[in-house]
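# Fold and contact review
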Amino acid sequence: MSLTHQFIFGIYPYICGALFLFGSLARFDRDQYTWRSESSQLLATGTLRVGSNFFHLGIIGLFFGHFFGMLTPPEIIHSLGVTTSQKQLLAMVAGGTMGTIGLIGLLLLIQRRLGNERVRATSKPRDFLVLFWILATLLLGLSTLPVSAQHRDGEEMLHLMSWAQHLMTFRGDAPAFITEVSPVFKVHMFMGMTLFAIFPFTRLVHVWSGFAAAGYVIRPWQVVRSRKIGLPE
């Protein structure tokens, strides 16, 4: 195991996580007026509705699929009667479906941002950085499907799960689990981790507001009092 491998898959994830969390906190504290999605809907609609819905559906599905798929211990999966090979097949089908949906939406959004003069004129370099970074990450993720199909026993998937679970529990042996996995997985993982690092410096911070919006479900009723006077009781 080289020092580069040890750094990228043993230390770099924590750097990205720190930038993701503390960078978001710093931006919310210092630049709250930039904490928004910077929607360009008023400039042009076109394919925005379809592209945005497809993109968000695919990305949200991929996020939670990766989260629960990578961090759920194999013992729990097996206790449900699901074998390792069955879980891998499920991951391939679900990941391929959500990835394709997200890719279609992303391509529509990129075409709109590049093809519409008004939208392109108001775009910032970081907007294009995020779009094309996610595009590369999605394409790499979809390109792992043929590789996974060659390992139907799910052995490589177990190595990736062990890496993620040992990483989350701060165990230093995490990089050792993926020394032999396919390079396409490693590049995909590096791109995904880096996306979290650049997250606080882009419009992606509005994702936090989406999670915070769930608080509206349990918030108290808003009390509204009339300013009129002299009304009968």
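Preceding this section is the structure that the text describes.
Remember, it's a predicted structure, so these values are computed and weren't measured experimentally.

### A few points about the environment of Leu89
Mapped onto the fold, Leu89 is located in helix H5 (residues 84–115). A C-alpha to C-alpha distance of 8.6 Å links Leu89 and Gly154, two positions 65 residues apart in sequence.

### As for the environment of Ile101
Residue position: Ile101 is located in helix H5. Each C-alpha atom, one on Ile101 and one on Phe55, is 6.7 Å from the other, the two residues being 46 residues apart in sequence. Beyond its immediate stretch of four places on either side in the chain, Ile101 contacts Phe54, Phe55, Leu57 and Gly58.

### As for the pattern of salt bridges
One pass over the structure, following the stated rule, counts one salt bridge. The residue Asp127 makes a salt bridge to Arg203 at a minimum N-O spacing of 3.0 Å. In this pair, Asp127 is assigned in helix H7 (residues 125–149) and Arg203 in the loop between helix H9 (183–198) and helix H10 (206–212), connecting sequence segments 76 residues apart. In terms of burial, Asp127 and Arg203 fall into one category: buried.

### Description of the side chain of Thr194
Structurally, Thr194 is set in helix H9. The class of Thr194 is buried, set by a relative accessible area of 9%. Reaching out from Thr194, the side chain makes a polar contact with the side chain of Tyr12 at a distance of 2.8 Å. Polar contacts involving the side chain of Thr194 include one to the main-chain carbonyl oxygen of Phe190, which spans 2.8 Å. Setting aside residues up to four positions removed in sequence, Thr194 forms contacts with Tyr12, Cys16 and Trp133.

Rules behind the numbers
Residues numbered from 1 in each chain as written. Predicted model: local features only at pLDDT ≥ 70, side-chain atom pairs only at ≥ 80, totals over all residues. Heavy atoms only, no water. Helix = DSSP H or I, 4+ residues; strand = E, 2+ residues; numbered from the N terminus. Contact = heavy atoms within 4.5 Å. Salt bridge = Lys/Arg side-chain N within 4 Å of Asp/Glu carboxyl O. Buried < 20%, exposed > 50% of the residue type's maximum accessible area, 1.4 Å probe, protein only. Polar contact = N/O pair within 3.5 Å; in protein donor to acceptor, adjacent residues only side chain to side chain.

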